[in-house]
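# Working through the structure, step by step
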Amino acid sequence: MGTFVSVTREQDMSQIAVVTIDNPPVNAMSIGVPKDIMDAIETLNADAGVAGILLKAGGNGISGGADIKTQGKAWPSDQPKVTDLIRLLDRSEKPVGFLIQNATLGAGLEIAMGCRFRISTPAGKVGQPEVKIGIPPGAGGTQFLPRLVGAKTAMDMILSGNPARAEDVAQTGLIDRMVSADNAVAEAVSFMAGEIDAGRVPPRTSERDVQVDDPDVFETARETAAKKFRGRTAPFVCIDCVEIATKTPIAEGLAYERKRFLECVGSEEAASLRHVFFAERQARKVPGIGKDSALRVIDSAVVLGAGTMGAGIAICIAGAGIPVTIVEKNEEALQRGSKRIADTFAGQVQKGRISADEADRRTKLVSFDMSMEAVATADIVIEAVFEDMDVKKSIFADLAQKAKPGAILATNTSYLDVNEIAAATDGREADVLGLHFFSPANIMKLLEVVRGDKTADEVLVSGLKFGERIGKTAVVSGVCHGFIGNRVFAKYNREAEFLLQEGATAVQVDTVLKQFGMAMGPFAVRDLAGLDIGWAMRKSTAHLRNPGERYSRVGDLICEQGWFGQKTGKGFYVYENGKPTPNPDLQAIIDETAREAGIVTDTVSDDTVIERCLYAMVNECAKVLEEGIALRASDIDLVFINGYGFPGWRGGPLHWADTVGLAKVLAAIVYFNEGHDFWEPAPLLQRLVQEGKTFADWDREKAA
Ligand code: NAI
């Protein structure tokens, strides 16, 4: 048979031929694969000794679907496409079954849905993840899935984009039979043979009707999507396509889906989300450290501190099945942390995210201790105690004595110098790195893996792998004040505050940036995080500030009133029953600081809000990049998408800047610099503009 398929028979059931797709690593539908499968199906259809065909992915059993590398590129005209293959499967006279044995996603699932039977092992996972890269399913998913599981379930699956365990969705009608992992092919073959013999072949998917239980289902979906997918297009296209499936014969539905798919595939939203997809894969690589670098085994963990961060970090670790001990020196804090963890697991059960058994398993993985002796057996120790250099240094000096040889010693510091903390170990600097989580640590996806001057390569890559294992998007950062994220975000927040002094309101700034796509406006974020944290940091670093540089005292004066944001019910906003309204006393503070600083207020346009806040971010990102604090522009994009609510569909600040045009960004920065001498244009940005290049070009050249 062709390069990408093999055809076999189970010895005793020769009426069912087994076609195995062989295109490692994920059996993607690269050029040539659909044709080989089609040739096999056609040959078997002509074979009188064949009653049915079982199609399956070879190797690891993953059916990866479309090859993302071919997306947006021309497909050779003499080569059949996945859609041709699916049409053939649907039409095939000899019924075809698909054996799901692992992730069967996107076009992988569409192929399975083109078949008459879907049979799965317990390891099977199904899903239509396309919405995550800014497109609807493009090979019939929006037409087939509703025909199999009904309009509502189909829409939920397509809009979530998340894979579901085949076992969990078997009842929806998507899976005809579950088989055991050990004997999957034989059981699937025997099931199909039995059904065919008994004349119980299910109808062609294309010939089924769509079940719609609730006529308002589409309007309700659009209303929910308007909140969840602010600024995006693809999710709404998915809803339109599923709705069409309920109204037209399949051929029209498929044509409609195709048209809408093509509209989306060339959109900026899709380009941005594809960029994010590849950025995530890039972030796992560290230049100069090979794939086969040694890794440290991490089978047990200790977290120091049961506070806001420590408890959240322990929840992530237990979630990955790793036993974790929290060491706390304060009995009350320990009780609070323990309660928070128990409440979180209970909440996850209540929301249906995990089963009660799973919650029980995770709870048992977390233990508590009040003695540092508990660190002795841990493979990794993550320190999350007060943000105080002396406290951290004494802890790391102690860890150097008590942690076993080869243990990784990590700090969750937000701003402190990881090299100085490492030096306190006096000889174990190679074991030390930063693992900077974001609050709430069990929810936020970002993990900055901070590489100290002396961090061993294997410790760094083990940190990255550990991050991945506990469900984080891990990004390498060098050492500087605030690392990548907090350093750059400070510039963004600073501009937002300056704009208040120049005449904007907090509501205006927050609204404009939310409309741009940020998850929350900067002032709402600060109120949520607690204004006192930044205030304490500003006070402790006041001596480092350049006295000639513009400084807004708005945030400090707010804190002096005892307003720390949501936790005190007042900050940039006033909170009653959790709902924010503008703080009526804020303007007087803004006016006072503006007067002191001799700032003339005026109206501030919405465009100015975008440019001032976001170009400030881009400018600082360029500095972070050139200093080597970030390994690549795409890493910085991931930091802001996963840690700071930057819209993924805009691809992160640097991808977005590329789409705006760096010359335009730089021109605005130069203009702002004339008015305020604190806007020093980043040399890298200037160079890229001179050379007519983008941040993406910078990444490509660095990777070459
Ligand atoms: P927290 O004040 O809520 O918790 C710190 C805990 O550490 C307290 O319960 C304290 O009793 C305990 N502790 C102090 N010394 C200890 C010792 N020697 N041994 C064991 N436990 C000890 O502080 P939070 O907010 O959890 O911050 C912890 C660290 O995480 C800080 O370095 C902070 O900068 C960093 N961080 C905080 C974020 C946040 O949003 N809160 C975000 C990212 C990092």
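In this numbering scheme, every chain counts its residues from 1 along its sequence in written order. Local features in a predicted model are, by the rule used here, given only for residues with pLDDT of at least 70; side-chain atom pairs are given and counted only at 80 or more, and totals for whole chains, interfaces and linings are based on all residues. Working from all heavy atoms in the structure, the side-chain values ignore hydrogens and water.

## Thoughts on the overall build of the protein
Along the backbone of the protein there are 29 helices and 21 strands. Within these notes, the globule rule equals 2.2 Å times the number of residues to the 0.38 power, and the radius of gyration is based on C-alpha atoms. For 704 residues, the compact-globule formula gives about 27 Å, and the C-alpha radius of gyration of the protein, at 28 Å, lands near that figure. For the protein, the spread of C-alpha atoms along the three principal axes comes to 90 × 60 × 50 Å. Any pair of residues with heavy atoms lying within 4.5 Å of one another is described as a contacting pair. Restricting to contacts in the protein with at least 6 residues of sequence separation, those with at least 24 account for 73%. His is not counted, nor are the chain ends, whereas Lys and Arg count as positive and Asp and Glu as negative. One atom stands in for each charge, and that atom is NZ of Lys, CZ of Arg, CG of Asp or CD of Glu. One finds the centroid of the 78 positive side-chain charges in the protein at a distance of 2 Å from the centroid of its 95 negative side-chain charges. Helical segments are the DSSP runs of H or I of at least four residues, strand segments are the runs of E of at least two, and each set is numbered from the N terminus.

## Concerning the layout of surface pockets
Of the pockets and cavities examined, the second largest pocket occupies roughly 690 Å³. The distinction between a cavity and a pocket rests on a 1 Å grid over the protein atoms alone: a 1.4 Å probe fits inside a cavity but cannot get out, while a pocket stays open yet meets protein on both sides within 12 Å along at least five of seven lines, and a residue with an atom within 4 Å of a point counts as lining. Forming the boundary of the second largest pocket are 19 residues, of which Gln348, Arg353, Arg362, Asn442 and Ile443 lie nearest the centre. Mapped by element, the contributors of at least two residues to the lining of the second largest pocket are α12 (308-319) and α13 (331-350). Take the lining of the second largest pocket: its biggest share by element is 4 residues, from α13. Grid points are joined across faces, edges and corners, and a volume is the space filled by probe spheres set on the points.

## Overview of unusual backbone geometry
Put simply, Pro24 and Pro25 share a cis peptide bond, and its omega is 5°. In this fold, Pro25 is placed in the loop between β2 (16-21) and β3 (28-29). Look at the link from Ser439 to Pro440: it is a cis peptide, with omega at -10°. Within the secondary structure, Pro440 sits in the loop between β17 (432-437) and β18 (446-450). Residues other than glycine seldom take positive phi values, yet Asn577 does so here, at roughly 50°. Take Asn577: it is sitting in the loop between β20 (573-576) and β21 (579-582).

## Here's the deal with the sheet that holds strand β10 (residues 164-165)
Note: two strands are recorded as paired if DSSP finds a minimum of 2 bridges between them. Ordered by their spatial adjacency, 3 strands build an open sheet running β7-β9-β10, and the pairing between neighbours is mixed. Among the strands making up the open sheet, the edge pair consists of β7 (103-105) and β10. In the sheet, strand β9 (residues 125-127) pairs with β10 via 2 bridges, with the strands oriented antiparallel. Note that in β10 the partner of Val126 across the bridge is Ala164. To define axes, lines are fitted to C-alpha atoms, for helices over the stretch in contact only, and angles between the resulting N-to-C directions are given on a 0 to 180 degree scale. Strands in contact with helix α3 (residues 107-114) are β7 and β9; relative to β7, the strand with the most contacts, it is inclined by about 85°.

## Examining the nonpolar core
The biggest cluster of nonpolar side chains holds 77 residues, and the ones touching the most others in it are Phe640 and Phe695. In this view, Phe695 contacts Val618, Ala622, Leu625, Ala633, Leu654, Ala657, Asp658, Leu662, Leu684, Leu685 and Leu688; residues no more than four positions away in its chain are not counted. By convention a nonpolar core is built from buried Ala, Val, Leu, Ile, Met, Phe, Trp, Tyr and Cys residues, the set being connected through side-chain atoms within 4.5 Å. Exposure is judged per residue with a 1.4 Å probe applied to protein chains only, and the accessible area is read against the type maximum: over 50% gives exposed, under 20% gives buried, and values in between give partly exposed. With 60 residues, the next largest nonpolar core counts Phe4, Val82, Val131 and Leu159 among its residues.

## Remarks on the site of the ligand
Distances are taken per atom, and a residue is near a molecule or strand as soon as one of its heavy atoms is within 4 Å of it. Near the ligand lie 21 residues; those nearest to it are Met309, Glu328, Glu387, Lys392 and Ser414. A 3.5 Å cut-off defines polar contacts: any pair of N or O atoms within that distance qualifies, except that in protein one atom must be a possible hydrogen donor and the other a possible acceptor, and neighbouring residues in sequence count only when both atoms are side-chain atoms. Within the contact set of the ligand, an oxygen atom lies 2.6 Å away from a side-chain nitrogen or oxygen of Lys392. At a separation of 2.8 Å, an oxygen atom of the ligand approaches a polar side-chain atom of Ser414. We get accessible surface area from the Shrake-Rupley algorithm with a probe of 1.4 Å; when it comes to residues, only the shown protein chains can shield them. Here the ligand, which alone exposes 830 Å², has 81% of that area covered by the protein. Of all the secondary-structure elements, those providing two or more residues to the shell around the ligand are α12, α15 (389-402) and β17.

## Notes on a negative patch on the surface
Residues enter a patch when their relative accessible area is above 30% and they make no salt bridge; the linking distance is 9 Å between like charges and 5 Å between nonpolar side chains (Val, Leu, Ile, Met, Phe, Trp, Tyr). We define a salt bridge as a contact between a side-chain nitrogen of Lys or Arg and a carboxyl oxygen of Asp or Glu at a distance within 4 Å. Judged by side-chain charge, Asp213, Asp214, Asp216 and Glu223 come together as a negatively charged surface patch. Along the chain, Asp214 turns up in the loop between α7 (184-197) and α8 (217-228).

## Remarks on the packing of aromatic side chains
Paired rings are identified among Phe, Tyr and Trp, the last through its six-membered ring, by centres lying within 6.5 Å, and are further divided according to the angle between planes into stacked (under 30 degrees), edge-to-face (over 60) and tilted (the rest). Following the criterion strictly, the structure yields 14 aromatic pairs and no others. A centroid spacing of 5.1 Å and a plane angle of 85° characterise the contact between Phe516 and Trp656, whose relative ring orientation is edge-to-face. Separated by 140 residues along the polypeptide, Phe516 in helix α19 (residues 506-516) and Trp656 in helix α26 (residues 653-660) bring together distant segments of the chain. Take Trp656: its relative accessible area is 8%, and that puts it in the buried class. On the numbers, 4.6 Å between centres and 45° between planes, the contact of Phe523 with Phe572 is tilted. In this pair, Phe523 is assigned in helix α20 (residues 522-529) and Phe572 in the loop between α22 (554-560) and β20, connecting sequence segments 49 residues apart. When its relative accessible area of 0% is taken as the criterion, Phe523 is described as buried. Among the residues examined, Phe572 registers a relative accessible area of 1% and is labelled buried. An aromatic cluster of at least three residues, connected via ring pairs, comprises Phe438, Phe489, Tyr492, Phe640 and Tyr644. Criterion for a charge above a ring: Arg CZ or Lys NZ at most 6 Å from the ring centre, at most 35 degrees from the ring normal. Positioned over the ring face of Trp535 is Lys539, at 3.5 Å from the centre of the ring.

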